[in-house]
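# Inside the fold
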Amino acid sequence: MPGGRLTQQERRQIALGLADDLPYAEIARRLERPTSTVTREVMRNGGPTAYRADLAHRATERRAHRRRPAPARGPQAGDQAHGRDGQAVAEYEESLTTVLMGSGLSKMTARVLTCLFTTDAGSLTAAQLAQRLQVSPASISKAIAFLESQSLVRRERDERRRDRYIVDDELFFQATIASARANDQLVATARRGAAVLGADTPAAHRLENVARFLDFISESIVRAAEQARDVLHTKPAPAPDPVPVLDHQ
């Protein structure tokens, strides 16, 4: 399997694969590259609909030319203290960011959420996020505002009266509930439209069916989330006590 950076010819093959609506896994198989390599390449260069091989190649060359060794950061010391492979952690963070971008988050928002997810404490200040990601405080502020609006992070004041942004065990529960409840307005609007268009018309039937569908899905999601909520608070099982070795002498 080839390693190193993608060549210009490989990028052209990626572009051809996207034009043929091939999945990332198939494009990667033809290149003999990991699927994650192709996914990252496409997502950081415009996405599947805007990817251009030559532009992507020039952009990568410019990034490589500008890239400088990153200063040592506090969290890396923590990673080393836990025996983690720094390179493996960095690659995982990039992969997680790509997946979050694929779910609809902007790049900066995805990077901030990845940073919080992969921090053992599960919380960082705006200054710490800016330092870790090497971006401006304004970029962090904009990303955090969106994440808060989606119930993906919460804010607390620490003992030094600094805002800390937190992901915790309740993150996915609260975000799931918020997502389900976001359908409520659409349900109400669809039913209002059905009334306006006339109860016995095809358009009204269509809107009423949409409302019933979304209402059922929302209720099912909320019920399932409440039933599974305890899973988010599950603690690792303690390691079993070592079995004593009997001396038969």
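Before any of the text, the structure's been laid out above.
First, a word on what this report is: a plain description of the structure on this page. (Residues numbered from 1 in each chain as written. Predicted model: local features only at pLDDT ≥ 70, side-chain atom pairs only at ≥ 80, totals over all residues. Heavy atoms only, no water.)

Next up on the list: the overall build of the chain. Assigned secondary structure in the chain consists of 11 helices and three strands. The N-to-C order of helical and strand elements in the chain reads α-α-α-α-α-α-α-β-α-α-β-β-α-α. Residues counted as buried form 30% of the 249 residues belonging to the chain. Considering only contacts in the chain between residues 6 or more positions apart, those separated by 24 or more positions represent 54%. (Helix = DSSP H or I, 4+ residues; strand = E, 2+ residues; numbered from the N terminus. Buried < 20%, exposed > 50% of the residue type's maximum accessible area, 1.4 Å probe, protein only. Contact = heavy atoms within 4.5 Å.)

Moving on: unusual backbone geometry. One non-glycine residue, aspartate 21, lies in the positive phi region at around 60°. Residue placement: aspartate 21 occurs in the loop between helix H1 (8–19) and helix H2 (24–31). Unusually for a residue other than glycine, glutamate 32 sits at a positive phi of about 60°. Along the chain, the position of glutamate 32 falls in the loop between H2 and helix H3 (35–43).

Bringing the pairing of strand E3 (residues 163–166) into the picture now. Direction of pairing for strand E1 (residues 123–125) relative to E3: antiparallel, over a ladder of three bridges. Bridge assignment links threonine 125 to a residue of E3, and that residue is arginine 164. Linking strand E2 (residues 154–157) back to E3 in an antiparallel pair, the connection comprises five residues, with arginine 161 at a positive phi of about 60°. (Pairing = 2+ DSSP bridges.)

Next up on the list: helix H10 (residues 171–197). In this model H10 runs 40 Å from its N-terminal to its C-terminal C-alpha over 27 residues, within 8% of the 39 Å that 1.5 Å per residue would give. All buried positions along H10 are accounted for by Leu171, Phe173, Ala175, Ile177, Ala180, Val187, Ala190, Gly193 and Ala194. Summarising the contacts, the buried residues of H10 are in contact with helix H7 (107–117) and helix H11 (202–228). One or two steps after H10, the chain reaches glycine 198, where phi turns positive at roughly 105°. (Expected span 1.5 Å × (residues − 1).)

This part takes up the packing of aromatic side chains. Applying the stated criterion across every chain yields a total of zero aromatic pairs. The ring of phenylalanine 173 carries arginine 229 above its face, with NZ or CZ at 3.9 Å from the centroid. (Phe/Tyr/Trp six-rings, centres within 6.5 Å; stacked < 30°, edge-to-face > 60°. Lys NZ or Arg CZ within 6 Å of the ring centre and 35° of its normal.)

In this section: the sheet that holds E3. Across the sheet, three strands lie side by side as E1-E3-E2; this open sheet has antiparallel pairing. Of all strands in the sheet, those with a lone pairing partner are E1 and E2, marking the two edges. Averaged over neighbouring strand pairs, the angle between their axes works out to 35° when direction is ignored. Sheet contacts for helix H8 (residues 126–133): E1 and E3; angle to E1, the most-contacted strand, approximately 90°. (Axes fitted to C-alpha atoms, helices over the stretch in contact; angles between N-to-C directions.)

In this section: the pairing of E2. For a regular strand, side-chain orientation follows a simple rule: the groups alternate between the two sheet faces. In terms of strand pairing, E2 meets E3 through four bridges, oriented antiparallel. Along E3, the bridge assignment pairs glutamate 156 with arginine 164.

Here we come to the nonpolar core. The biggest cluster of nonpolar side chains holds 24 residues, and the ones touching the most others in it are Val112, Leu113, Leu116, Leu129, Ile140, Ile144 and Val153. Breaking this core down by element, the ones donating at least two residues are helix H6 (86–102), H7, H8, helix H9 (137–149) and H10. If near-sequence neighbours (up to four positions away) are discounted, leucine 113 is found in contact with Leu100, Leu105, Leu147, Leu152, Val153 and Val167. Among the nonpolar cores identified, the runner-up in size contains 11 residues, and Leu6, Ile14, Leu31 and Ala56 belong to it. (Core = buried A, V, L, I, M, F, W, Y, C linked by side-chain atoms within 4.5 Å.)

We now examine the environment of tyrosine 24. Here tyrosine 24 shows up in helix H2. Overall, tyrosine 24 belongs to the partly exposed group, its relative accessible area being 21%. Spatially, the C-alpha atoms of tyrosine 24 and valine 38 are 6.4 Å apart, while their sequence positions differ by 14 residues. Sequence-distant contacts of tyrosine 24, that is, excluding residues within four places in its chain, are made with Leu18, Thr35, Val38, Thr39, Val42, Met43 and Pro48.

Let's shift gears to the pattern of salt bridges. Under the counting rule described, the total for this entry stands at 14 salt bridges. The salt bridge involving arginine 12 is made with aspartate 54; its shortest N-O contact spans 3.4 Å. Here arginine 12, found in helix H1, pairs with aspartate 54, found in helix H4 (residues 53–66); they are 42 residues apart in sequence, far enough to count as distant. Put simply, glutamate 156 and arginine 154 hold a salt bridge, and the shortest N to O gap is 2.3 Å. When its relative accessible area of 34% is taken as the criterion, arginine 154 is described as partly exposed. Members of the salt-bridge network, linked through shared partners, are Glu148, Arg155, Arg157 and Asp163. (Salt bridge = Lys/Arg side-chain N within 4 Å of Asp/Glu carboxyl O.)

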